[in-house]
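Structure assessment
The residues making up each chain are set out below.
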Amino acid sequence: QVQLVESGGGLVQAGGSLRLSCAASKSIFSINTMGWYRQAPGKERELVARITSGGSTNYADSVKGRFTISADIAKNTVNLQMNSLKPEDTAVYYCNALVVQFGPSRGDYWGQGIQVTVSS
């Protein structure tokens, strides 16, 4: 089992920055992929950024150049640095972890979500 706890959300003005953190209950060496998704009111959940156990990353086109995902192995934490925030970034952000290997922890895990609000 993998538990995910998000932190760092809040309210900021357009152009400001926030850092989201996702702490995993299991070593991220054992997690194939971790990422951040978001869901705005009335819209489907979408991928924002992801990072693999090998360190490769990918981002939604809408956040490229503004957001950076990184992993802190020692703290079992994945961070999302969000700069130059726009009102359209307003959403509930969810941490996700995917474990592919067969075993007790295999599965697709989600945090409870954290609100990010960007005012104009």
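What comes next is a walk through the structure.

1. Topic: the environment of T77
Relative to the elements of secondary structure, T77 occurs in strand β8 (residues 77-82). Taking C-alpha positions, T77 is 8.8 Å from S27, a pair spaced 50 residues apart along the chain. Within the structure, T77 has its side chain in polar contact with the backbone oxygen of K75 (distance 2.8 Å).

2. Some remarks on the packing of aromatic side chains
Considering all chains together, one arrives at one aromatic pair under this definition. Both rings, one in Y37 and one in W110, keep their centres 5.0 Å apart while their planes meet at 65°; by these two values the pair is edge-to-face. Here W110 lies in strand β10 (residues 107-110) and Y37 lies in strand β4 (residues 33-39), a separation of 73 residues in the sequence. The class for Y37 is buried, based on a relative accessible area of 16%. A cation sits over an aromatic face here: R45 above Y94, 3.7 Å from the ring centre. The ring centre of W110 lies 4.7 Å from the NZ or CZ of R45, which sits over that ring.

3. Looking at the sheet that holds β8
Taken in spatial order, the four strands make up an open sheet running β1-β3-β8-β7, and their pairing is antiparallel. Of all strands in the sheet, those with a lone pairing partner are β1 (4-7) and β7 (67-72), marking the two edges. Taken pair by pair, the neighbouring strands of this sheet meet at an average axis angle of 15°, ignoring direction. Pairing of β1 with strand β3 (residues 18-24) involves four bridges; the strand directions are antiparallel.

4. Some remarks on the state of the cysteines
Summed over all chains, the structure comprises one disulfide. The disulfide partner of C22 is C95, and the gap between their sulfur atoms is 1.9 Å. Disulfide C22-C95: the torsion about the S-S bond is -85°, which places it as left-handed. With C22 in strand β3 and C95 in strand β9 (residues 91-99), this residue pair connects regions lying 73 residues apart in the sequence.

5. Thoughts on the nonpolar core
Core analysis: the biggest nonpolar cluster contains 31 residues, and L4, M34, W36, L80, M82 and Y93 have the highest contact counts within it. Of all the elements, β9 adds the most residues to this core, at five residues. Setting aside anything within four residues of it in sequence, one finds M82 in contact with G16, S17, L18, L20, R66, F67, Y93 and V116.

6. Quick notes on the pattern of salt bridges
If you walk through the whole model with that rule in mind, you get four salt bridges. When the shortest N-O distance is used, the salt bridge between E46 and R38 registers 2.9 Å. Overall, the relative accessible area of 35% leaves E46 in the partly exposed class. Of the charged contacts in the structure, one is a salt bridge between D61 and K64, with a shortest N-O distance of 3.0 Å. Among the residues examined, D61 registers a relative accessible area of 65% and is labelled exposed. Members of the salt-bridge network, linked through shared partners, are R38, E46, R66 and D89.

Procedures and definitions
Residues numbered from 1 in each chain as written. Predicted model: local features only at pLDDT ≥ 70, side-chain atom pairs only at ≥ 80, totals over all residues. Heavy atoms only, no water. Helix = DSSP H or I, 4+ residues; strand = E, 2+ residues; numbered from the N terminus. Polar contact = N/O pair within 3.5 Å; in protein donor to acceptor, adjacent residues only side chain to side chain. Phe/Tyr/Trp six-rings, centres within 6.5 Å; stacked < 30°, edge-to-face > 60°. Buried < 20%, exposed > 50% of the residue type's maximum accessible area, 1.4 Å probe, protein only. Lys NZ or Arg CZ within 6 Å of the ring centre and 35° of its normal. Pairing = 2+ DSSP bridges. Axes fitted to C-alpha atoms, helices over the stretch in contact; angles between N-to-C directions. Disulfide = S-S within 2.5 Å. Core = buried A, V, L, I, M, F, W, Y, C linked by side-chain atoms within 4.5 Å. Contact = heavy atoms within 4.5 Å. Salt bridge = Lys/Arg side-chain N within 4 Å of Asp/Glu carboxyl O.

As far as function goes, none of this settles anything; it's purely spatial.
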